Amino acid sequence: MVKVRFAPSPTGYLHVGGVRTTLFNYLFARKNNGKLVLRIEDTDFERSKKEYEDIIINDLKWCDIDYDEGPEKGGDYGPYRQSERLDIYRKYIDFLIKEKKAYYAVYNPENNEEIIYKSFEFPQEYSDKEYSISVKFKVPENTKIVFDDMIKGNMEFDTEVFDDFVIQRSSGIPMYNFTVVIDDYLMKITHVIRGEDHISNTPKQIMLYDALGFEKPVFAHIPLILGEDKAPLSKRHGGTSVTFFKEEGYLPDAVMNYLGILGWTVENEIFDFKDKCKDFDISMISNKSVVFDYKKLLWVNEVHLRTKSIEYITENFKNWLDINGKSVSADEEYLKNVLNISREKVSNLKQLFEFSENFFRDDFSYDEKYVTLSKKEWFGKVLEKSCEMFENNDDYSTEGIEKVLSQIAGTGITGRKNVYQTVRGAILGKLVTPGLYESISVLGKEKTIKRIKRVKEELL
Ligand code: GLU
């Protein structure tokens with residue numbers, strides 16, 4: 001059975017590159033009826049933080065990436081945490097030392113770098129003094145390390161270029177290159193799909209597989225995401241974390257869609273990533289680095305914002321409000337209707353909030369352009385007429401509204417455009433709004449009249 005994993009280190013926010021790696025792992029697992037494992041690689045105790053782990057897990061949930069396995073936890077499961085598996089690693093460290101494939105290294109306390117003693121036995125004589133003792137893996141001499149990468153093709157490394165490397169720190173905590181091998185083996189990972197930044201680690205890991213007599217997984221290294229200047233995408237280029245895009249008001253499906261088309265050739269660029277599982281093939285991932293295009297992501301977001309079910313948009317909008325500590329007072333039906341007519345003119349949920357905010361409050365302020373408009377000599381008359389006509393009207397369908405507005409314009413007080421802008425600003429405080437008929441229809445009779453009356457009190 002195919003089994004893959006996503007193995008983030010909780011040393012920072014979840015980077016979009018990491019999500020893209022997870023996405024490809026997810027698609028690969030689902031396509032092959034396999035499993036996806038989430039493993040938190042937190043053995044770097046100095047840099048790992050529980051807070052980042054929570055953010056990573058939360059953000060993966062936001063992306064709608066579900067994983068399949070992990071240790072039992074009160075009816076729930078997972079994720080695996082390397083910090084909870086230290087006893088397991090210890091056994092294999094001991095095994096390598098016993099086999100004379102790894103050794104204890106004692107360091108000069110003056111610089112903690114120079115090795116002053118090496119041994120396959122624990123150097124008891126140094127143990128109670130101020131010495132650091134690590135365990136180093138003995139790199140085999142004159143050996144070629146060869147592997148066939150699913151994306152990069154045939155890779156070859158000479159062991160000459162590697163020095164013996166530390167597999168267990170002097171604190172007794174094992175290092176990444178070691179734990180990753182033990183875990184991938186014990187967790188029966190068949191394919192290691194990860195970022196290209198790990199390619200230099202792979203030969204070291206292969207040496208460990210061989211030394212331990214473990215069967216190796218297949219490797220696939222995904223090219224990195226770059227910024228416009230071709231340097232790896234980082235904060236210098238703009239937001240790079242899922243948390244950032246979440247707070248900015250991107251939709252999870254749009255982010256996943258965009259990461260999917262970044263370096264993966266597909267015919268139709270807009271899709272739901274879960275529908276893509278059956279089409280997924282690793283060979284479709286480009287072997288070239290890709291440049292993150294913020295404008296294109298915004299476009300993808302816009303398309304999803306306009307075409308997804310209004311239920312999906314509403315759910316994500318509410319989620320966005322929560323994340324940003326905002327709220328709107330509206331019942332579900334009203335909220336959906338407002339979002340539905342507002343989403344045509346915006347690109348993300350943040351803009352959607354700003355654009356629709358005045359639907360949810362009666363005490364908004366009027367923008368400057370509207371205040372200027374209110375100084376026109378016809379303004380009061382249009383307002384008066386509108387108030388009267390909307391009070392006498394009971395048809396608040398868009399057709400009904402259109403009729404009323406045409407009748408007001410037909411009175412000849414001023415031109416049609418002026419009439420529309422007078423009413424528009426009255427009901428929403430600004431001159432750029434969703435369609436006027438739709439807006440009035442969604443607001444309904446009571447709110448519309450109340451708002452027109454408010455202008456009379458405040459601006460006339
Ligand atoms: N923990 C590693 C990282 O965060 C990933 C290791 C791997 O995928 O092998 O970069």
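Further up the page is the structure itself.
Being a predicted model, the structure only gives us computed values, none of them experimental.

Reading guide: rules and limits
Residues numbered from 1 in each chain as written. Predicted model: local features only at pLDDT ≥ 70, side-chain atom pairs only at ≥ 80, totals over all residues. Heavy atoms only, no water. Helix = DSSP H or I, 4+ residues; strand = E, 2+ residues; numbered from the N terminus. Buried < 20%, exposed > 50% of the residue type's maximum accessible area, 1.4 Å probe, protein only. Contact = heavy atoms within 4.5 Å. Areas by Shrake-Rupley, 256 points an atom, 1.4 Å probe, with all protein chains shown as cover. Lys, Arg positive; Asp, Glu negative; His and termini not counted. Charge placed at Lys NZ, Arg CZ, Asp CG, Glu CD. Near = heavy atom within 4 Å. Polar contact = N/O pair within 3.5 Å; in protein donor to acceptor, adjacent residues only side chain to side chain. Nonpolar A, V, L, I, M, F, W, Y, C, P; charged D, E, K, R; others polar. Pairing = 2+ DSSP bridges. Right-handed = clockwise from strand over helix to strand, strands pointing away. Salt bridge = Lys/Arg side-chain N within 4 Å of Asp/Glu carboxyl O. Axes fitted to C-alpha atoms, helices over the stretch in contact; angles between N-to-C directions. Parallel < 35°, antiparallel > 145°, perpendicular 65-115°, else oblique. Core = buried A, V, L, I, M, F, W, Y, C linked by side-chain atoms within 4.5 Å.

This part takes up the overall build of the protein. From N to C terminus, the protein includes 17 helices and 15 strands. C-alpha extents for the protein along the principal axes are approximately 100 × 50 × 45 Å. The proportion of buried residues among the 460 residues of the protein is 53%. Contacts in the protein between residues at least 24 apart in sequence constitute 73% of all its contacts with a sequence separation of at least 6. Split by element, the accessible area of the protein, about 21,800 Å² in all, is 46% carbon and sulfur. In the protein, 66 side chains carry a positive charge and 77 a negative one; their mean positions are 3 Å apart.

Looking at the ligand, the residues that line it are R5, A7, P8, S9, E41, Y176, V180, R194 and H198. One of the side-chain N or O atoms of R5 is found 2.7 Å from an oxygen atom in the ligand. A distance of 2.8 Å separates an oxygen atom of the ligand from a polar side-chain atom of H198. Within the complex, 81% of the 300 Å² of free accessible area of the ligand lies under protein. Along the lines of polarity and charge, the residues of the shell around the ligand split into four nonpolar, two polar and three charged.

On to the pairing of strand β13 (residues 218-222), then. Counting buried positions over the five residues of β13 gives four, a clear majority of the element. Note that strand β12 (residues 191-195) and β13 share five bridges and pair parallel. Of the residues in β13, the one forming a bridge with R194 is H221. As for the winding sense of the linkage, the β-α-β connection from β12 through helix α6 (residues 202-212) to β13 is right-handed.

Our next topic: the pattern of salt bridges. Tallied over the full model, the rule gives 37 salt bridges. Ionic pairing is found between E69 and K3, a salt bridge with its closest N-O pair at 2.9 Å. Residue E69 is located in the loop between α2 (50-62) and β3 (72-73), and its partner K3 is located in strand β1 (residues 3-6); the two are separated by 66 residues in the primary sequence. On the basis of relative accessible area, E69 is assigned to the buried category, the value being 16%. Note that E388 is salt-bridged to K385, the shortest N-O span being 3.5 Å. With E388 and K385 both in helix α14 (residues 379-392), this residue pair falls three residues apart, about one helical turn. The exposure class assigned to K385 is partly exposed, which follows from its relative accessible area of 22%. Bridged by salt links that share partners, the residues R5, R39, E41, R85, D183 and D184 form one connected network.

Further remarks concern the sheet that holds β1. Spatial ordering of the open sheet is given by β1-β2-β5, a layout of three strands whose pairing is parallel. Two strands close off the open sheet at either side, each with one partner strand: β1 and β5 (80-81). Against the sheet, helix α1 (residues 16-31) contacts β1 and β2 (35-40), and its axis sits at roughly 165° relative to β1.

Here the focus is the packing of helix α3 (residues 86-98) against α6. Packing of α3 against α6 leaves a shortest axis separation of 10 Å and a crossing angle of 75°. In this view, α3 runs roughly perpendicular relative to α6, as classed from their interaxial angle. Facing α3, whose interface residues are Y92, F95 and L96, α6 presents L208, A211 and L212. In the contact of α3 with α6, the residues fall into six nonpolar, no polar and no charged.

A separate point is the nonpolar core. Membership of the largest hydrophobic core comes to 103 residues, with the highest contact counts inside it found for L259, F292, Y370, F390, L405 and I440. Among all residues touching L405, those that are not within four sequence positions of it are F390, V419, Y420, V423, L436, Y437 and I440. Y89, V106, F178 and Y209 belong to the second-largest nonpolar core, a separate cluster that totals 38 residues.

With that settled, the discussion passes to the sheet that holds strand β7 (residues 115-119). Strand order in the open sheet formed by four strands is β7-β6-β8-β11, with antiparallel pairing between adjacent strands. In this open sheet, the two strands that pair with only one neighbour each are β7 and β11 (165-168). In this sheet, adjacent strand axes meet at a mean angle of 45° when their direction is disregarded. In this structure, strand β8 (residues 133-137) lies alongside β11, joined through three bridges in antiparallel fashion. Residue pairing in the sheet places V135 in a bridge with Q168 of β11.

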